[in-house]
Amino acid sequence: MTVSMETISPVRLKTLELEITGGCQLACTHCYASSSPQGTHGSMTLADWTRAISEAAGLGIPQVQLIGGEPTLHPRWVELVDHALGRGLAVEIYSNLFHVGRRAWDVFARDGVTLATSYYSDRAEEHDRITTRPGSHARTRANIVEACRRGIVVRAGVVGVLDGQRVQEARAELGAMGVVHVRVDRQRAFGRADGGAVPDPGELCGRCGTGRVAVLSDGSVCPCAISRFMACGNVKDQSLADVLASPEWRATVSRVPARAGGDPCDPDCLPALDGADCAPAEQQACDPAYADIPDKK
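Here's what I pulled together on the structure shown here.

About the thresholds
- Residues numbered from 1 in each chain as written.
- Predicted model: local features only at pLDDT ≥ 70, side-chain atom pairs only at ≥ 80, totals over all residues.
- Heavy atoms only, no water.
- Pairing = 2+ DSSP bridges.
- Helix = DSSP H or I, 4+ residues; strand = E, 2+ residues; numbered from the N terminus.
- Contact = heavy atoms within 4.5 Å.
- Axes fitted to C-alpha atoms, helices over the stretch in contact; angles between N-to-C directions.
- Buried < 20%, exposed > 50% of the residue type's maximum accessible area, 1.4 Å probe, protein only.
- Disulfide = S-S within 2.5 Å.

The subject of this paragraph is the sheet that holds strand 6 (residues 181-186). Strand order in the open sheet formed by eight strands is 6-5-4-3-2-1-7-8, and the pairing between neighbours is mixed. What marks the edges here is a single partner per strand, and that holds for strand 6 and strand 8 (221-222). Its contacts with the sheet place helix 6 (residues 136-149) against strand 4 (113-118) and strand 5 (154-160), and it is angled at close to 155° to strand 4.

Burial along strand 7 (residues 212-215) is two-sided: Arg212 and Ala214 and Val213 and Val215, pointing in opposite directions, are all buried. Pairing analysis gives four bridges linking strand 1 (residues 15-19) to strand 7, with the strands arranged parallel. Within the sheet, the bridge partner assigned to Leu18 lies in strand 7 and is Val215. Sheet topology note: the strand 7/strand 8 ladder contains two bridges and is antiparallel. Its bridge partner lying in strand 8, Val215 is registered against Val221. Taking the residues that link successive antiparallel strands as the turn, the strand 7-strand 8 hairpin has five residues, and the phi of Gly219 there is positive, at about 95°.

Applying the stated criterion across every chain, the model contains zero disulfides. With no disulfide of its own, Cys232 lies 9.9 Å from the sulfur of Cys222, the closest cysteine sulfur.

Here the focus is the environment of Met44. In this fold, Met44 is placed in the loop between strand 1 and helix 2 (46-58). Separated by 174 residues in the primary sequence, Met44 and Asp218 have C-alpha atoms spaced 5.5 Å apart. Residues in contact with Met44, not counting those within four places in the same chain, are Trp49, Val215, Leu216, Ser217, Asp218, Gly219, Val235 and Lys236.

Structure representation (structure tokens):
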């Protein structure tokens, strides 16, 4: 029997997140994956990843996102981009833009590829306090400017982590640099931000597993990369279609509290709270804490 998204779910999946590594040059204080320079690439092989991408294309999922950690640290990330584009999928690369080599710029500029990043403040000391890496603000900012200069589509997420953080100023600065698509969110209690508490599905955005699905670096499948504590099935042992069609998967997704106006998440260590539709958007964040942030339209 041919399995399609229609037989798996009444809501069409738009994005497959591929968390290809837990390695990162940074160690952000709020990172849902607790990524760091000590992180690994996991147990998924190149063949495992390309098979998952091919299965996503077969299911009619139109886009993959390479996330981490820092996806460009994976030694085969360019091959994964090539494979996805070759299957007719759009690719978003969610990079911290801490270091961008010549080869990476060439990939970022390819047709069908877009770029996303996180940015925390217009002040270097505040941004670097969150990333825990001195100099990260200067390097990320310079590479955002360079990406815009090259005409590369850039989307940015701004996460409120610190009391009094210059979130609005960060968003304004991104606009001044040429970034049109900006989303804002609050810190959520997962990963390094959980304070030792048991993960609570109530902290999720409310649409996990409906707009997108994630495959982690060990092959685990979960409603989104943030909801990794709800992993269900593994693409190393099953096809993606079989996981998504299983009663266990339906039960897992049903654990996500429904929210009026909830939207699929960004992989920027926290969900987006604007009118996200898994494509670039610039709606105002709906969290009351950021209600005064002007729309960039």
